[in-house]
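What follows is each chain in one-letter form.
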6 protein chains.
Amino acid sequence: MSNSRIKKVGRGDERLLDQLRGVRITPNVVEWAEGSALVEFGKTRVLCTASVDEKVPPYRAGKGIGWVTAEYSMLPRATHSRTPREAAVGKVSGRTQEIQRLIGRSLRGIVNFVSLGERQIIVDCDVLQADGGTRTASITGGYVALALACKWLQKKGLIDTFPLTNAIAAVSVGIVQGQHVLDLNYSEDSAAAVDFNVVMLDSGEFVEVQGTAEGSPFSRNDIDAMLSLAEKGIRELFEIQKQAISEA
Amino acid sequence: MSNSRIKKVGRGDERLLDQLRGVRITPNVVEWAEGSALVEFGKTRVLCTASVDEKVPPYRAGKGIGWVTAEYSMLPRATHSRTPREAAVGKVSGRTQEIQRLIGRSLRGIVNFVSLGERQIIVDCDVLQADGGTRTASITGGYVALALACKWLQKKGLIDTFPLTNAIAAVSVGIVQGQHVLDLNYSEDSAAAVDFNVVMLDSGEFVEVQGTAEGSPFSRNDIDAMLSLAEKGIRELFEIQKQAISEA
Amino acid sequence: MSNSRIKKVGRGDERLLDQLRGVRITPNVVEWAEGSALVEFGKTRVLCTASVDEKVPPYRAGKGIGWVTAEYSMLPRATHSRTPREAAVGKVSGRTQEIQRLIGRSLRGIVNFVSLGERQIIVDCDVLQADGGTRTASITGGYVALALACKWLQKKGLIDTFPLTNAIAAVSVGIVQGQHVLDLNYSEDSAAAVDFNVVMLDSGEFVEVQGTAEGSPFSRNDIDAMLSLAEKGIRELFEIQKQAISEA
Amino acid sequence: MSNSRIKKVGRGDERLLDQLRGVRITPNVVEWAEGSALVEFGKTRVLCTASVDEKVPPYRAGKGIGWVTAEYSMLPRATHSRTPREAAVGKVSGRTQEIQRLIGRSLRGIVNFVSLGERQIIVDCDVLQADGGTRTASITGGYVALALACKWLQKKGLIDTFPLTNAIAAVSVGIVQGQHVLDLNYSEDSAAAVDFNVVMLDSGEFVEVQGTAEGSPFSRNDIDAMLSLAEKGIRELFEIQKQAISEA
Amino acid sequence: MSNSRIKKVGRGDERLLDQLRGVRITPNVVEWAEGSALVEFGKTRVLCTASVDEKVPPYRAGKGIGWVTAEYSMLPRATHSRTPREAAVGKVSGRTQEIQRLIGRSLRGIVNFVSLGERQIIVDCDVLQADGGTRTASITGGYVALALACKWLQKKGLIDTFPLTNAIAAVSVGIVQGQHVLDLNYSEDSAAAVDFNVVMLDSGEFVEVQGTAEGSPFSRNDIDAMLSLAEKGIRELFEIQKQAISEA
Amino acid sequence: MSNSRIKKVGRGDERLLDQLRGVRITPNVVEWAEGSALVEFGKTRVLCTASVDEKVPPYRAGKGIGWVTAEYSMLPRATHSRTPREAAVGKVSGRTQEIQRLIGRSLRGIVNFVSLGERQIIVDCDVLQADGGTRTASITGGYVALALACKWLQKKGLIDTFPLTNAIAAVSVGIVQGQHVLDLNYSEDSAAAVDFNVVMLDSGEFVEVQGTAEGSPFSRNDIDAMLSLAEKGIRELFEIQKQAISEA
C-alpha cells in the first residue's frame, strides 16, 4: 500500500486512496440528552445521543451491573430517493437490525458494566443525511455520545470510576476499480467489489471485521491490505474524537 | 388583549405574553431533497423535507392531478426523557397520526392539484429537539420545504404554474395561569388550562382551529382573545418564511 | 343567525338550518354492561357501553384515583360501502384513534377522579349505522352510558359521591352551500366547506372546538356563527340526555 | 330421547331439554347493506349484514364465478366482562378465525357460484350481546342476510337465477349434567361436558358436525342422541328463517 | 362397511378402503427435548417435541396445577409448492391456529393437571413433509412425545404419579368417490366430498369429532360408517404408540 | 498453528484443534422439493430445501435474469431450552434476518443469473437441532440443495448451462481458552473470546469474513491463524459436498 498516495486515480472527490473524507464531530448538540454528538464524514451526517436509563432490561435486573444498547435509523429523506419509514411499514428492516446489533456489540466491547452500575445507556444513531459509511460513522460518533454520558454520570456523582476501558472507532474500506480505498462514499460503495467494515480499539486490537464480496471474491492479500488501510484511518478518527470530547 | 404587553408576569423565558420565541428557518439543509428547511421555535427544532414522487397513490392515479401528504416523527431523544421508537413498537401512535393528518390536511389546503400535475409531494417533519409547539412548527417549516420543492419543479420545467395558492403558517396559543399567551414552550404547555392550535392563510382566513381544555373549560371570550393572539403571531411567521424562501 | 329559520333552503331532509335531526337515546340496551345507551341522530346509530374495571392502567396505579378511557369503532357495514375491519388489517386507523382520543378527553373533562376511586371506566362507542356525526353522537351517548355506570357504582355502595361534575354533549356544525347549518348528515358533511365539532358542558363552557376547512377557509365571523348554532343544539341534547337517564 | 320432555330438570331458564330459546330474526335492520338481519337466540343477539362486492378475491378473478366469505366479531361488551378489541390487540384471535372459517364454509355450501356470477358477498356477523351459541346464531342469521342480498341482486337484474340451492341453519347441542340438551345458553355451555355444533341443510343432510369433549369424553350413543336433538331444533329454525325472509 | 375390503377400487396407493398408510413412530429424535417423536403416516412426516417449562401461563399460576399446550407449523417446503413462512407474513394463519387449538385441546383431555403439578408442557408439531392428515398425525405423535416427557419428569423425581389418564390418537376418514375411506392422503383429501377428523381415547370414547362437507353434504348413515372406520384405524395406532414408547 | 495438532487440550469432544466435527450431507430428503439436503455437523442438524419459483421479485421482473434468496429458521426445540416461534411473536428476529441475509448473499455469489433465467430459487434452511455453527452449516448444506435444484432444472430442459460458477462452503473458527479452534460446537461457542464465520469458494477466495470479539479483542495475527484454520476445514467440506451431489 506504500504507493497508494501516488496512484490517486479514480476517487471522484479528489481524495487519495488512503484519505478519510472531512470528518467533524460536534459534541452536545441535543439539549436534553446526557451525551450527544453530531458526526459528519463528508456528506454523511449522523446525530448520536446517549440516554441514561436507570433501569436495565428485565433479564439483567438485580445483578448490580449495567448494559449498553444501540438503535439506528435513517430519516426518510436521508437517502437520494425517499425511503419509507419503518414505523409506517410496521417493522424494523433486517438491514437496520443488523446495523444496530453491530453498533451495540461494538460499544459494549469497551464498557466495564460493573463500573457503570445497574443502569442502561441507550445510544441512538439517527442518520440525517446518508452518503456511505453510516454504520461506521455511527460507531465513531456513538462513542463520543457514550463517553459524554459517562462523564455526565461521573459529574453527577452517580458513578465513581469512568466505565469505558478504551476508545473505539470504525471505518469502511473496500476494493473499488481494483484499488484498495479508505472510507468509501455512496458512489464508491455502489461500485465496490468488496466492502469491509472494521471496528478497532485504541489499543490497536479489533472487535469487528466484516468483509463482504459484493461483486468478486477477495484473497488473503486483499484482507491484509484493507486492514492496514483501516488501521491508518481509525487512528486519525481517535484524534478527532479526543478533540470533540475535550471541548465538550 | 390590548394590555397584554404590560402584564408580562409568568413567562419563564422573559417573553411578553404576545411574543413568539426566537424563530429561525434555514432553507436547503438536506442535499438530496427537492425542498428542505430546518425550522426552530426557541429550542424546538424540526427538520422538514419535501420529496417529489412522480407517482400518486393508486386511488388518485390517472386523473392528471397531484397530491400532498405529510409524515411526522420525533427522534427518540428529542424529548426530555427518551421515547421508544415507533418502528420498534411496530406501529405509529395515535398522537403521531393525528399530527401528520393535521399537517397534511393543512398543506393540501393551499395546493392547486391541477397545477401540480400527477405527482405527489411528501413532506417529512422530523423533530430533532422538542420544546412544545412541534406540530405548528412542522406546518410552518413544512410550508417552506414544500414551496422550495415547487420552485424546483418549476425550475426543472416540470410544471408551468406555481401550484401554491397561499402561504400558510401555524402557532399555538393557550391559557396559562389565567393569561392568554402566544407560542407555548413545553413547560407552559404542561401547565396550560387550554391549548389552541391555529393554522392560518396569508389571506387572514383559517384552515384549522383546534382548541382543547386540558384542565378547565373555556368561554367564547377566551376563544376570541386567543384567535387574536394567534393571528398576530402567524403574521410575523409569514415574514420569516418569505425571508427563508427568498434567500434559498 | 336569527333568520336561519327563514332560509330553509338546501337541506335534503327538510330540516331548518338550526334544527337537529331526530335524536333518541335508549338507556340500558346491553344486559351485561354497568351502563349502556343506544344513541340515534337520524340514521346515525351508536351503541355506547360503559364498563367498570376495578384496575387502572399501571402508570396510575396506587394513587387512589380513577381513570376514564374511550374506544370507538364502526361495524364494517355501518358505512354506505363496506369498510374492512381494523382487526383484519391489524391496526387501528389514524381516524379511529383521533376520534377515540377526542371522546376520552372530553369525557375525562367532567370526571372527579378522586370521587371515582381507583378504578377505570371504559366507554365503548360502536357505530352500528353511520350517517354523519358519529363522533359527536358518541360523546353525547357515551355520557349517558358513563352516568349510568356511575349510578350503578353508587347503588352498589362502591362510591359515595357521584363523580361527574357536569353533563357533556357534542354536535357538529358546518358551512354547506354558504350556509351555517347544525348537525350535518353524511351527504351534507361530504359537501361541507367547513366542518366544526363542538363539545360543551351544561355550564355553557367548551371543552373542545375543532374546526377544519374541507374546501375553503373560514373567517372569525364564521366561527362565531357556528359556535352559536352548536350551543343551541347542544342545549337541546342536554334535555334528551336527562330524560334518558331518568327513565333508565 | 323420547322422554326428554318429561325430565325437565336442570335448565335454569325453565326450558325443556329439547326446546330452543326464544328465537327472533328481524330482517333489513341496516339501511346501507344489500341484505341484513338481527338474529336473537334468547339473550344472544347478532347483527348480520351481507355486502355485495363486485370484485372477487384475486385468485378467483376472471373465471366468471362468485365467492362468499364471512367475518365474525364481538363488540367488547357483548360479554359478561369486557373483552379487549382485536383491532387494539392487532390481530384476530384463533377463536375468531376458527368461527369465521366455519360460517363462511357453511354458507358457501349452499351457493351456486356460477349463478352468483363473478362477485363476492361478504357476510359480517357482529355479536352485540353474547349468551352462548353465537356461532350457530351467526350461521342461522347470516343465511337470512345472504338470501336477502341475493334477492336484491335478482331484483336489480344483476343475476337471473337465485343462487342459493338450500336453506341452512345451525344449532348447538350438548351434554349438561348428564342430559342431552338443545341450544345451550352461556351458563349451560360453561357447565357442559360435551359441546356439539351442527350445521344442516333443509334437505336433512349435514354440512358440519363439530363435537368437542370439554370435560368428559362421549360415546357413539351420545352422538346419536345429540344429532337427533339438533335436527329437531334446526327444523324449527328453518320456519323462522322463512318467515323473516318473506316479511322482508 | 363389512364389504369394504372387497371393493378396493379407487385408492391410488393400492390400499384397502379401511387400511392405514404405513405408520412409523420413532421416539427420542431430538436430543435436547424432554420428549420427542418423529411420526410418519406414509409420506406425511411430523416432528413432535414435548418441552417441560417450570412455569405455567400467568392466569393459571399459584394454583399448584399444570397445563399442556400445543403449537403446529409446517416447514415452507413441506408442501407440494412452497408456502411462505408465517413468521415472514407476521401472523399465524387461521388454519394453523385452528389446528393447534385442536391438538392442545385433545391432549389436555388426557392430563391430570394435579398430578402434573404447576408446570407446563408445550408440544410442538412441526411438519417436515405433508401428504394429508398432518393434524391427526400430530395428535398421534404428540401423545408419544408428551408421554415420554411425563416419563422423564417421573424419572427425575419431579412428579410422583404418571399424569396421563389415557392414550389418545387420531385419524382422518372421509368420502372419496362415493366410498368411505380411512386415512386420506393428500390426493384423496383434495378429492374428498366429506372429511372427518376423529380423536379417540383407548377407552373407545371420543374427544373430538369434526366432520366437514367439502363438496356435498352427508347423512346420518355416512357419519356412522365413518366413525366405525376411524375406530378401527385408531385402535391400530394405539399399538404403534405403545411399541414406540416401550422401546424409547 | 503448526503445532495445533499437538496441543489437543481443551476440546470436550476429544477433537483436535483443527478437526471438523463429523459432517454428513444426505441429499434428496424432501420428496416435493426440487433440491434438498440434510446437513449434519455433529449434533447440529439443518434441513435445506431449494424451491424453484418461476417468478422473480417484482423489481427484477422482465430482465430475463434470475435470483436466489434464502430463509433461515429454527424449530422451537432445536435449542437447549425452547425458543418461542417467530410466527407467534409476529416478527422475524434481528438475528434470524442477519443470518438469512448472510446465507442468501453467499449463495448469490456463485450464481450466474443469466444462465439461471428469469426464475427464483428459494433456499430454506430449517434447523432441526442446534449445537453451534448453524449458519455455516446452512451455507454448506444450502449449496448442495441449490446445486441439486439446478441439476433438476437442467434435466427438465429448463436451462441450458449449469448456472453455478463455483462450489461454496462455510465454517466457524474462533479463539477458545486462548487457542485457535475449528468448527465450534455450542459449548465452545459460548466460551469463545472471538468468533469468526468464513465463507469460501473452491477457488480459495473468500466471499464473507465476519469476525466478532465476544469477550476480548483480537490481533492481526489471530486473524491470520483463524483464516488458515477455516481454509483447511472448508477444503474438507468441498469433498463431502461433492460426494453428496454425486450420489444424489
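Residues numbered from 1 in each chain as written. Chains lettered and ligands numbered in written order. Predicted model: local features only at pLDDT ≥ 70, side-chain atom pairs only at ≥ 80, totals over all residues. Heavy atoms only, no water.

### A short note on the interface of chain B and chain A
Every contact between the two is made by 38 residues of chain B and, on the other side, 37 residues of chain A. Counting each side, the surface lost to burial between chain B and chain A is near 2,800 Å², with a carbon and sulfur contribution of 51%. It is Trp-32, Arg-77 and Arg-85 of chain B that lose the most area in chain B upon contact with chain A, and together they represent 29% of the buried surface on that side. In this structure, the connection of chain B to chain A is made through 14 salt bridges. Where chain B touches chain A, the interface holds 26 residue pairs in polar contact (both at pLDDT 80 or more). Those elements that place two or more of their residues in the side of chain B that touches chain A are strand 3 (44–53), strand 4 (67–74), helix 1 (86–89) and strand 5 (120–129) of chain B. Residue composition of the side of chain B that touches chain A, by class: 18 nonpolar, seven polar and 13 charged. (Contact = heavy atoms within 4.5 Å. Buried area = accessible area lost by both parts, 1.4 Å probe. Salt bridge = Lys/Arg side-chain N within 4 Å of Asp/Glu carboxyl O. Polar contact = N/O pair within 3.5 Å; in protein donor to acceptor, adjacent residues only side chain to side chain. Helix = DSSP H or I, 4+ residues; strand = E, 2+ residues; numbered from the N terminus. Nonpolar A, V, L, I, M, F, W, Y, C, P; charged D, E, K, R; others polar.)

### As for the relation of the copies chain D and chain C
Mapping chain D onto chain C calls for a screw motion: a turn of 180 degrees about the axis and a shift of 0.0 Å along it, with 0.0 Å RMSD after fitting. Expressed as an axis order, the relation between the two copies is that of a two-fold axis. The rotation axis passes nearest to the C-alpha of Ala-87 of chain D in chain D, at a distance of 1.8 Å. Same-surface contact between copies: 100% of interface residues of chain D are shared with the interface of chain C. (Least-squares fit on C-alpha atoms with pLDDT ≥ 70 in both.)

### Examining the pairing of strand 4 (residues 67–74) of chain F
All names here are of chain F. Counting buried residues along strand 4, six of its eight residues qualify, which places the element largely inside the surrounding structure. Two elements, strand 4 and strand 5 (residues 120–129), share eight bridges in a ladder whose sense is parallel. Each bridged residue has a counterpart across the sheet, and for Val-68 the counterpart in strand 5 is Ile-121. (Buried < 20%, exposed > 50% of the residue type's maximum accessible area, 1.4 Å probe, protein only. Pairing = 2+ DSSP bridges.)

### Focus on the UniProt feature "domain: Exoribonuclease phosphorolytic" (unreviewed entry) in chain A
Residues and elements named next belong to chain A. Those places that UniProt annotates as "domain: Exoribonuclease phosphorolytic" (unreviewed entry) correspond, in this numbering, to residues 19–149 and 167–233. Helix and strand shares over residues 19–149 are 30% and 31% respectively, and the end C-alpha atoms of the span are 30 Å apart. Taken as a whole, residues 167–233 contains 30% helix and 43% strand, while its terminal C-alpha atoms sit 14 Å from one another. (UniProt positions renumbered as here; feature names shortened; annotations may be inferred.)

### Remarks on the interface of chain D and chain C
Each side of the interface is counted separately: chain D has 37 residues, and chain C has 37 residues. A buried area of about 2,800 Å², summed over both sides, lies between chain D and chain C, and 51% of it is on carbon and sulfur atoms. The tally of links between chain D and chain C comes to 14 salt bridges. As a salt-bridge pair, Arg-77 of chain D and Glu-34 of chain C come within 2.7 Å of each other at their nearest N and O atoms. There are 26 residue pairs in polar contact (both at pLDDT 80 or more) connecting chain D and chain C. Contributing elements (two or more residues each) for the side of chain D that touches chain C: strand 3 (44–53), strand 4 (67–74), helix 1 (86–89) and strand 5 (120–129) of chain D. Within the side of chain D that touches chain C, the residues separate by chemical class into 17 nonpolar, seven polar and 13 charged.

### Some details on the environment of Tyr-186 of chain A
Examined against the element boundaries, Tyr-186 of chain A turns out to sit in helix 5 (residues 186–191). Filtering out sequence-adjacent residues up to four positions away, Tyr-186 of chain A remains in contact with His-80, Asp-131 and Gly-132 of chain A.

### Re the packing of helix 4 (residues 134–155) of chain E against helix 6 (residues 220–247) of chain E
All names here are of chain E. At a minimum axis separation of 10 Å, helix 4 and helix 6 run at an interaxial angle of 35 degrees. Pair helix 4 / helix 6 crosses with right-handed handedness. Between helix 4 and helix 6, the contacting residues are Thr-140, Tyr-143, Val-144, Ala-147, Leu-148 and Lys-151 on the first element and Leu-237, Gln-241, Ala-244 and Ile-245 on the second. (Axes fitted to C-alpha atoms, helices over the stretch in contact; angles between N-to-C directions. Left-handed = near helix turned anticlockwise from the far one by under 90°.)

### Notes on the packing of aromatic side chains
Applying the stated rule across the entire model yields 18 aromatic pairs over all chains. Ring centres of Trp-67 of chain E and Phe-113 of chain E lie 5.6 Å apart, and the angle between their planes is 35 degrees; this geometry places the pair in the tilted category. Here the residue Trp-67 of chain E occupies a position in strand 4 (residues 67–74), and Phe-113 of chain E occupies one in helix 3 (residues 113–116), the gap between them amounting to 46 residues. In this structure Phe-113 of chain E comes out as buried when scored by relative accessible area, which is 17%. Through a chain of ring-to-ring contacts, three or more aromatic side chains come together here, namely Phe-196 and Phe-218 of chain A together with Phe-206 of chain F. A cation over a ring is seen here: Arg-60 of chain B above Phe-113 of chain B, with NZ or CZ 5.2 Å from the ring centre. (Phe/Tyr/Trp six-rings, centres within 6.5 Å; stacked < 30°, edge-to-face > 60°. Lys NZ or Arg CZ within 6 Å of the ring centre and 35° of its normal.)

### Section: the sheet that holds strand 7 (residues 179–182) of chain A
The sheet built from eight strands is open, its strands ordered 7(A)-6(A)-8(A)-9(A)-9(F)-8(F)-6(F)-7(F) with antiparallel pairing. Lying at the two open borders of the sheet, with one neighbouring strand each, are strand 7 of chain A together with strand 7 (179–182) of chain F. Recorded for the sheet is a direction-independent mean angle of 15 degrees between the axes of neighbouring strands. Pairing between strand 6 (residues 168–176) of chain F and strand 7 of chain F: four bridges, direction antiparallel. By the bridge assignment for strand 7 of chain F, Gly-174 of chain F is matched with Val-181 of chain F. Along the sheet, helix 2 (residues 94–108) of chain F contacts strand 9 (206–213) of chain A together with strand 6, strand 8 (194–201) and strand 9 (206–213) of chain F; its crossing angle with strand 9 of chain F, the most-contacted strand, is approximately 155 degrees.

### Observations concerning unusual backbone geometry
Of note, Gln-177 of chain D is a non-glycine position whose phi angle comes to about 50 degrees, a positive value. Mapped onto the elements, Gln-177 of chain D comes out in the loop between strand 6 (168–176) and strand 7 (179–182). In this structure, Glu-14 of chain F is a non-glycine residue whose phi angle is positive, near 70 degrees.

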